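# Observations on the three-dimensional arrangement
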Amino acid sequence: EVTAPDAATVNYPGGPQDGCTDESACNYYPYATDDDGSCIYSGGSIDINDIQYTTVQGDYCYDSLHDQECWTTSGIVTATQPEFSNFYIQDPSDDLYAGIYVHDEDQNPLLGDDVTITAIVNEYYSLTQLIDASYTVESSGYTTSPIDAPTGHLSTCSLESESKESMLVQINNV
């Protein structure tokens, strides 16, 4: 318990905190004092397509087979959110299953950056995303052309819509 100016009292729980204490793990928690065995380590490098592709609908809508695994992947930044640090990357060498959302509060790449990311694959209401990311910018100045996508291909839980999840698309036939 700490007493602040003007007699305000702040209760600080202090004490031990559970979490991953291994700095080499993808989900290292710097404030953890007790290792709870939850550390997740990188499985190596794979393409975005390998993370995204599945033909199994599952309980929701084509969740990644790599959910809760840590991988290294790379792509070109195709969209950023100025008010947040979240962004999208896409592998320009593929036309399907080639985009992924990066949900992170500490990263601020620029459009056109070629990045290599190590992160945990996570499903958030059937949106495949990368969390707890660390990344490096390999080079900058790239452009990615959108792929054509009829609106009917984006609105349902189908293989067609899943194949374009998080990709830069151009809507046609509107």
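Residues numbered from 1 in each chain as written. Predicted model: local features only at pLDDT ≥ 70, side-chain atom pairs only at ≥ 80, totals over all residues. Heavy atoms only, no water.

Following the criterion strictly, the structure yields three disulfides and no others. There is a disulfide in this structure between Cys 20 and Cys 39, and the S-S distance comes to 2.1 Å. Between Cys 20 and Cys 39, the S-S torsion sits near 105°, and that sign places the bridge as right-handed. Placement of Cys 20 in the loop between strand S3 (18–19) and strand S4 (34–35) and of Cys 39 in the loop between S4 and strand S5 (42–45) is noted, with a sequence separation of 19 residues between them. When its relative accessible area of 1% is taken as the criterion, Cys 20 is described as buried. Note that Cys 26 is cross-linked by a disulfide to Cys 70, the S-S spacing being 1.8 Å. The disulfide joining Cys 26 to Cys 70 has a torsion of about -75° about its S-S bond and is therefore left-handed. (Disulfide = S-S within 2.5 Å. Helix = DSSP H or I, 4+ residues; strand = E, 2+ residues; numbered from the N terminus. Buried < 20%, exposed > 50% of the residue type's maximum accessible area, 1.4 Å probe, protein only.)

Below, the discussion takes up unusual backbone geometry. A negative phi angle is the norm for most residues apart from glycine, just as the trans form is the norm for most peptide bonds. Phi at Tyr 62 is positive, roughly 55°, even though this residue is not glycine. The topology assignment puts Tyr 62 in the loop between helix H1 (48–52) and strand S6 (70–80). Classification of Tyr 62 as buried rests on a relative accessible area of 8%. Positive phi is not limited to glycine here, since Asp 132 has a value of about 50°. Position of Asp 132 relative to the elements: it lies in strand S10 (residues 127–139). Overall, the relative accessible area of 41% leaves Asp 132 in the partly exposed class.

Geometric descriptors of this kind do not, in isolation, establish any biological role.
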